[in-house]
Amino acid sequence: MFGKIIKLSFKSIFNNKMRSFLTMLGIIIGVMAVVILVSITQGTASGITSSISDMGSDAITAQITDEDVTITYEDLESLEDNRFIESVSPIITTTLTVKKNSTSSSYSIKGVTQSYFNTTDIAIQSGRIVRASDDEYSTKVAVIGTDVATDLFGTWDAVGGTITVDDQIYTVIGVLEEEGSSLTGSDNSSVLIPYSTAAKVTGSSAVTTFYAKSTSSDTVESAVSYIENYLYRLTSDEDAFR
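## A closer look at the overall build of the chain
Part 1 of the reasoning: Scanning the chain from N- to C-terminus turns up eight helices and nine strands.
Part 2 of the reasoning: Within the span of the chain, comprising 242 residues, buried residues form 35% of the whole.
Part 3 of the reasoning: Summarising the internal contacts of the chain: among those between residues at least 6 apart in sequence, 70% fall at separations of at least 24.
Part 4 of the reasoning: Total accessible area on the chain stands at roughly 14100 Å², and carbon and sulfur atoms take up 52% of it.

## Quick notes on the pattern of salt bridges
Part 1 of the reasoning: Using the criterion set out here, one finds three salt bridges in the structure.
Part 2 of the reasoning: One salt bridge connects Asp187 with Lys110, and the closest N-O pair in it is separated by 2.6 Å. Highlighted residues: Asp187 in the loop between β7 (168-176) and β8 (190-194) and Lys110 in strand β3 (residues 103-112), separated in sequence by 77 residues. Residue Asp187 shares its accessibility class with Lys110, and that shared class is buried.
Part 3 of the reasoning: The residue Asp121 makes a salt bridge to Lys213 at a minimum N-O spacing of 2.9 Å. Of the two residues, Asp121 is situated in the loop between α4 (116-119) and β4 (124-127) and Lys213 in strand β9 (residues 209-214); the sequence distance between them amounts to 92 residues.

## Looking at the packing of aromatic side chains
Part 1 of the reasoning: Taken as a whole and assessed by the stated rule, the structure comprises four aromatic pairs.
Part 2 of the reasoning: A ring pair is formed by Tyr116 and Phe117, whose centres lie 5.7 Å apart and whose planes are at 90°; its orientation type is edge-to-face. Exposure class is identical for Tyr116 and Phe117. Each is buried.
Part 3 of the reasoning: Each ring, one from Tyr116 and one from Tyr211, has its centre 6.2 Å from the other, and the planes form 45°; the classification is tilted.

## Things to note about a nonpolar patch on the surface
Part 1 of the reasoning: A cluster of nonpolar side chains, namely Ile27, Val31 and Val35, defines an oily patch on the protein surface of about 270 Å² accessible area.
Part 2 of the reasoning: Looking at where Val31 falls in the secondary structure, it is placed in helix α2 (residues 17-55).

## Things to note about the pairing of β8
Part 1 of the reasoning: Here β8 lies mainly inside the structure; five of its five residues are buried.
Part 2 of the reasoning: The sheet contact formed by β3 and β8 spans five bridges and is parallel. In the sheet register, Val112 faces β8, and the bridge partner there is Pro194.
Part 3 of the reasoning: Looking at chain direction, strand β5 (residues 141-144) and β8 are connected through two bridges and run antiparallel. The residue bridging Val143 from the neighbouring strand is Leu192, located in β8.

## Digging into the confidence of the model for the chain
Part 1 of the reasoning: Residues with a pLDDT of 70 or more make up 79% of the chain, whose mean pLDDT is 84.
Part 2 of the reasoning: For the chain, per-element mean pLDDT is lowest for helix α1 (residues 2-15), which scores 58, and highest for β5, which scores 98.
Part 3 of the reasoning: Below pLDDT 50 for its whole length, residues 44-55 participates in eight contacts with residues either more than four positions away or in separate chains.

## Examining unusual backbone geometry
Part 1 of the reasoning: Even without being a glycine, Ser138 presents a positive backbone phi close to 50°.
Part 2 of the reasoning: Ser138 sits in the buried class, given a relative accessible area of 14%.

## Some words on the environment of Tyr230
Part 1 of the reasoning: Inspection of the secondary structure puts Tyr230 in helix α8 (residues 220-235).
Part 2 of the reasoning: You can call Tyr230 buried: its relative accessible area is 11%.
Part 3 of the reasoning: Taking the C-alpha atoms as reference points, Tyr230 and Asp75, separated by 155 residues in sequence, lie 9.8 Å from one another.
Part 4 of the reasoning: With residues near it in sequence (within four places) discarded, Tyr230 still touches Asp75, Leu76, Ser78 and Leu79.
Part 5 of the reasoning: Polar contacts involving the side chain of Tyr230 include one to the side chain of Ser78, which spans 3.0 Å.

What counts, and at which threshold
Residues numbered from 1 in each chain as written. Predicted model: local features only at pLDDT ≥ 70, side-chain atom pairs only at ≥ 80, totals over all residues. Heavy atoms only, no water. Helix = DSSP H or I, 4+ residues; strand = E, 2+ residues; numbered from the N terminus. Buried < 20%, exposed > 50% of the residue type's maximum accessible area, 1.4 Å probe, protein only. Contact = heavy atoms within 4.5 Å. Areas by Shrake-Rupley, 256 points an atom, 1.4 Å probe, with all protein chains shown as cover. Salt bridge = Lys/Arg side-chain N within 4 Å of Asp/Glu carboxyl O. Phe/Tyr/Trp six-rings, centres within 6.5 Å; stacked < 30°, edge-to-face > 60°. Patch = residues over 30% accessible without salt bridge, like charges linked within 9 Å, V, L, I, M, F, W, Y side chains within 5 Å. Pairing = 2+ DSSP bridges. pLDDT = per-residue confidence, 0-100. Polar contact = N/O pair within 3.5 Å; in protein donor to acceptor, adjacent residues only side chain to side chain.

Structure below.
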């Protein structure tokens with residue numbers, strides 16, 4: 001019986017060659033379309049996962065969105081006492097013209113604390129990072145990205161050199177490792193200076209953005225929940241931050 005069914009099937013196929021060909025072609029195209037779609041989806045997911053991995057699965061970014069709310073660096077220090085939070089780093093960001101002799105260009109200027117380098121997992125290839133003493137005494141020192149070093153010095157060997165930021169001379173104390181692009185961008189074109197120094201440059205020490213690092217990827221949600229509750233206690237407005 002089974003053999004007879006197979007014979008009838010083949011006979012039907014040979015008797016209707018064009019219809020059979022078109023049916024097979026439709027099936028082949030359909031399968032190929034599904035395979036291509038799945039491949040594209042997996043590739044996109046892999047790219048997003050890679051970007052998130054580069055950013056850090058334990059990384060948290062908080063922003064104060066209400067201009068009438070003022071939060072200080074000191075307000076955030078107690079966050080590190082929480083068992084789910086490893087480090088917290090406020091940041092001041094502005095854009096200024098940076099000069100080296102006759103060469104000048106606009107770069108992102110970031111006022112950071114010593115904890116910034118641990119919180120964001122950013123590394124330096126030469127020199128040193130911004131230290132707590134730099135922040136305490138508002139020293140005019142800078143850690144620069146590789147693009148800045150190349151543009152202004154023509155080499156990554158820039159430690160010990162000087163640059164002019166906002167008409168003030170800064171000593172380059174470190175050069176960052178070159179970074180690829182990620183969801184948070186990169187610091188290749190950034191100039192990192194002490195937080196207190198940046199506060200004097202911008203005329204404000206108020207925190208509008210800060211980064212936090214949870215103790216592990218498993219404690220991120222707990223850390224976020226604690227930060228949200230803490231900011232709500234400070235601002236009394238759940239729409240004042242995100």
